Amino acid sequence: MKKLLVSTAAFAMMAGMAMAQDVVRLGTEGAYPPWNFINDAGQVDGFERELGDELCKRAELNCEWVTNDWDSIIPNLVSGNYDAIIAGMSITDERDQVIDFTQNYTPPDPSAYLGMSEDVDLAGGVIAAQTGTIQAGYVAESGATLLEFATPEETIAAVRNGEADAVLADKSYLAPIAQEDPDLMFVGDDVPLGGGVGMGVRESDGELRATFDAAIQSMKDDGSLNAMIEKWEVSSTFE
Amino acid sequence: MSCWQTVQDYALRSLGYGERLLPREGYTLCEHFTLIGSGMIWNVYFGAIALFAGFFLATVVALGKGARNPLIRKPSEWFIFIFRGSPLFIQFFFAYFLFLSLKSVSPFFDAFTSAWLGALIVLFLNTAAYSGEIFYGALRSIPKGDVEAADAYGFSGWRRFRKIVWPTMLRLAWPAYTNEAIFLFHSTTLVFFSGFPAWQQRGDALYYANYFADKTFNPFVPYPILAGYFILLTLVVIALFGLVNRRLNRHLPQEARRGLRLRLNVIR
Amino acid sequence: MFSFCSDPSTLEGLRWLSCYLTTVKHANLYIAVGTVLLLLAITAPAALAFGFGGAMAARSRIWPLSWVGKGYIAIVRGVPDIAFFLFFVIALDQIFEVIRHKVKCPDWPDEIWQGSDFVVCQAAKLPLGNSPQWVHDAYGFFLAVLTFAIVFGAFAANVLYGAMRAVPRAQIETAEAYGMSRRQSFWRILVPQMWVYALPGLSNLWMVLTKATPLLFLLGVEDIVYWARELGGTALPRFTDYPHGDWRMWYFLALLVFYLGLTKVSEVALERLMVRLSHGQATTGGEAQRRAGA
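Parameters at a glance
- Residues numbered from 1 in each chain as written.
- Chains lettered and ligands numbered in written order.
- Predicted model: local features only at pLDDT ≥ 70, side-chain atom pairs only at ≥ 80, totals over all residues.
- Heavy atoms only, no water.
- Axes fitted to C-alpha atoms, helices over the stretch in contact; angles between N-to-C directions.
- Helix = DSSP H or I, 4+ residues; strand = E, 2+ residues; numbered from the N terminus.
- Parallel < 35°, antiparallel > 145°, perpendicular 65-115°, else oblique.
- Left-handed = near helix turned anticlockwise from the far one by under 90°.
- Contact = heavy atoms within 4.5 Å.
- Domains from an automatic or database assignment.
- Buried area = accessible area lost by both parts, 1.4 Å probe.
- Salt bridge = Lys/Arg side-chain N within 4 Å of Asp/Glu carboxyl O.
- Nonpolar A, V, L, I, M, F, W, Y, C, P; charged D, E, K, R; others polar.
- 1 Å grid on protein atoms, 1.4 Å probe; cavity = no way out; pocket = protein on both sides within 12 Å on 5 of 7 lines; lining within 4 Å.
- Points joined across faces, edges and corners; volume = space filled by probe spheres on them.
- Buried < 20%, exposed > 50% of the residue type's maximum accessible area, 1.4 Å probe, protein only.
- Pairing = 2+ DSSP bridges.

K.L.:
Whenever I open this one, the packing of helix α6 (residues 144-152) of chain B against helix α7 (residues 157-187) of chain B confuses me. Can you help?
P.N.:
In a pair of packed helices, the angle between the axes and the distance between the axes together describe the arrangement. Residues and elements named next belong to chain B. It is at 10 Å that the axes of α6 and α7 come closest, and there the two elements cross at 165 degrees. It follows from the interaxial angle that α6 and α7 lie roughly antiparallel. Once α6 is placed against α7, the crossing between them reads as right-handed. Contacts between α6 and α7 involve D146, V147, A150 and D151 from the first element and R160, I164 and T168 from the second.

Right, dumping it as structure tokens:
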């Protein structure tokens, strides 16, 4: 009898833990198409929405989407307001010191300059970038005049109205814009930055990280990840 | 690297002197204090100049709002209403938009899209509207006897304004005006945060605090440092305004002076 | 929303606009308007309560209490609200969770701060990890209200502290002459009379509070400025049925109208309140009313 009680208690505890663990909250920015954006129905949509849902299905997790400002996306993960970041975040050493990354779900992909004319001086001109991105850090080091804006939208606007000669951002973000607007074009060579995009999790959350790692690996293995990348045109595909 | 070296490298970084690249690793406390302190130069610059220039416009607007002629009164009223009625956040947005479009009209406006001039103009207009309302309130509460006495002494027009109305208005408005000054200095943190782009990583104190928070992902160090700097700045502002207040009230008997000091806290 | 909205690409003019403005995404903007108004409605009395507590503490005769009150007023007033918002909400959230952690999981073996991570036991999480999204939203909203109330409470404390001292000394002396205790004269004489002195300052504070709401997105609440930026930004045809260029200007114009309207309504309401409060008071305004009535 006693044994039974103990095991019931243990079962109840495990069930409680499983229930608490079951909901995994995914944090994203919701302002970076095609990676993640809010669609007309007010839902998070985009490559990462589809990817995240598929990963959660494979890992048998119950996932919920949360949007958070880009600036505070890491502090809020670290203090436990959601459990993983899936927001087109490039894997960098700086970030890796504070959080852990899963393996990348897109290969390292170039950033690119978008400008109004072919003969932009990329080394000495005025280059716009979003504050706090790896591109902003790169421009500051390159010697060009860095012009920082809070949102990606404003960086494009700055090029259109002549405040900046070019903008440096992820090529996948710029490509649909360049397609739409005949005045804007890619300038110069692509710049390889970052180590691909991965999901960010807390350093103490090794288990969750392993779960997502395995799910990403299984999607890489059966080719479904490449298909998704092609569908959303976010980057090159894995070999 | 010693702290003194850091100070030499970064103390004037916000103006573009010293080390070109911001610190990229380590992020010592010394670097935090130096760079955020360096950014304070801009906060003081925006606050001090906007306050000084705004003071004169505020006087004009306050007189305008009190004028009988609707051609003078209405524009003053609308000016105060619009700038007091909307968030600074939105004012910066529209100002930047406006300056951008003016720029395409004439190269004369080139400098206006830079924070040092464009944001300064917005802050100047903003504080002029807020102070204008304070001064207007003070104008209305000038004791009737003071003005009657001035008339009896044969003062009129400019002399009456300069010698009687204006000093009394200032005396009455000073406590509230002190608070407006504090608020203005606090508002200067919005310049690079939402309104104007930062050039070459030259920004104000909040910009650098944000930079550190972005790199270390720890908001609990840079923002409290920023807060500390602002508490100091606020204390300085209160002290300076207190000195002026003493001078404005120097003719009053000791008892009455204390009475005015007590009222310092009434508004805001 | 409307039946003719099923294929937006065929629509034009007003019909297109009516469909565009009624997407679910736009509903978020309209909800945000409600959120902001609700926040203001809750924050104002909460800040007043903090202010009242602060002012009472500051004028207390027990020095540690008065020290705390004065310190609260001086420090919080000295810091720009943005700087406060950027770290205070996370700090507040962590403080709550640490307290719950200590109570609910007293024999938890691990450290709470592991390197840069902040980890409390599942039961101490706020809100609990498995609660539905609206609980998270409500909790975020609550934290925002609390932060706003603490910040603006300091300003309110300053105003009320001044107002309490502005009540003519003779009024208190009369109360004492009638044999009232310090507590009685405070609640029966000082508090009812101080509001008329505090109102100009408090109305000014209300105006400043309404203008601070665009900073709500820093506190994790998706406010009207957030949605205006989100909806107004360039919308490419690949990602929406309603593509458009950079329309942020129009959205901000709508916000401008909203804030100006809010200001106008507040001005009228506060003016009326002032007239009510002046009634029967020993001030110029009260005296004027008495004469007009007589």
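This is not the end of the story, as more comes after the structure.
K.L.:
Any chance you could explain the domain arrangement of chain A here in plain terms?
P.N.:
Interface size, as often reported, equals the accessible area lost upon joining of the parts. Residue and element names in this part refer to chain A. Per the domain assignment, the segments of chain A are domain 1 (2-107 + 196-232) and domain 2 (110-192). For domain 1 and domain 2, the distance between their C-alpha centres works out to 30 Å. Summed over both partners, the interface of domain 1 with domain 2 comes to about 740 Å²; 51% of that surface belongs to carbon and sulfur atoms. Applying the counting rule to domain 1 against domain 2 returns 0 salt bridges. For the side of domain 1 that touches domain 2, the per-class residue count stands at 6 nonpolar, 2 polar and 2 charged.

K.L.:
What is the right way to read empty space enclosed by the protein from this model?
P.N.:
Vacant regions in the atomic arrangement are exposed by a probe of water-molecule size rolled over the atoms. Throughout the structure, instances matching the rule amount to 3 cavities of 30 Å³ or more. Space inside the largest cavity adds up to approximately 420 Å³. In terms of lining residues, the largest cavity is bounded by 27 residues, among which L88(B), F183(B), S187(B), D81(C) and V208(C) are the most central. Mapped onto the lining of the largest cavity, the elements with two or more residues apiece are α4 (88-105), α5 (115-140) and α7 of chain B together with α4 (81-104), α5 (133-166) and α7 (182-212) of chain C. Classifying every residue of the lining of the largest cavity by side-chain character gives 17 nonpolar, 6 polar and 4 charged. Looking at the second largest cavity, its volume works out to about 230 Å³. If you go around the second largest cavity, you meet 19 residues; those closest to its centre are Y32(A), Q130(A), T133(A), Q135(A) and D170(A). Listed by contribution, the elements that provide at least two residues to the lining of the second largest cavity are α5 (134-142), α6 (152-160) and β11 (166-170) of chain A. For the lining of the second largest cavity, the element with the most residues is β11(A), which contributes 4 residues. Among the residues making up the lining of the second largest cavity, the classes are represented as 10 nonpolar, 6 polar and 3 charged. Mapping the lining of the second largest cavity onto the domain boundaries places at least three of its residues in each of domain 1 (2-107 + 196-232) and domain 2 (110-192) of chain A.

K.L.:
What's the story with helix α7 (residues 171-180) of chain A in this structure? I'm lost.
P.N.:
For an α-helix, the turn length of 3.6 residues means that residues three or four places apart are oriented alike. By the burial criterion, the buried members of α7(A) are S172(A), Y173(A), L174(A), P176(A), I177(A) and A178(A). Looking at the packing, one finds that the buried side of α7(A) touches β2 (31-32), β8 (110-115), α6, β11 and β12 (185-192) of chain A.

K.L.:
I would appreciate a short explanation of the pattern of salt bridges in the present structure.
P.N.:
Close approach of charged atoms allows side chains of opposite charge to pair. All names here are of chain A. The final tally for this structure, using the stated rule, is 23 salt bridges over all chains. Of the charged contacts, one joins R58 and E54 as a salt bridge, the two residues approaching to 2.8 Å between their closest N and O atoms. In this pair, R58 and E54 are both assigned in helix α2 (residues 47-58), 4 residues apart and thus about one turn of the helix distant. Put simply, D83 and R202 hold a salt bridge, and the shortest N to O gap is 3.1 Å. Linking D83 in the loop between α3 (73-78) and β6 (84-85) with R202 in the loop between β13 (200-201) and α8 (206-221), this pair joins segments that are 119 residues apart in sequence. Judged by relative accessible area, which is 7%, R202 ranks as buried. Each of E54, K57, R58 and D222 takes part in salt bridges that share partners, so that together they form one network.

K.L.:
How do you make sense of the sheet that holds β13(A) when you look at a structure like this?
P.N.:
Across a sheet, paired strands are connected by hydrogen bonds in the backbone, their directions being either parallel or antiparallel. All names here are of chain A. Read across the sheet, 5 strands follow the order β5-β1-β6-β13-β7 without closing on themselves; strand pairing throughout is mixed. Each having just a single partner strand, β5 (62-67) and β7 (100-101) make up the two edges of the open sheet. Relative to β5, strand β1 (residues 23-28) runs parallel, the two sharing 6 bridges. Across the sheet, residue V23 finds its bridge partner in β5, namely N62. In the packing of α2 onto the sheet, contacts are made with β1 and β5, and the angle to β5 comes to roughly 155 degrees. In this fold α8 packs onto β1, β6, β7 and β13, with an angle of close to 75 degrees to the strand it touches most, β1.

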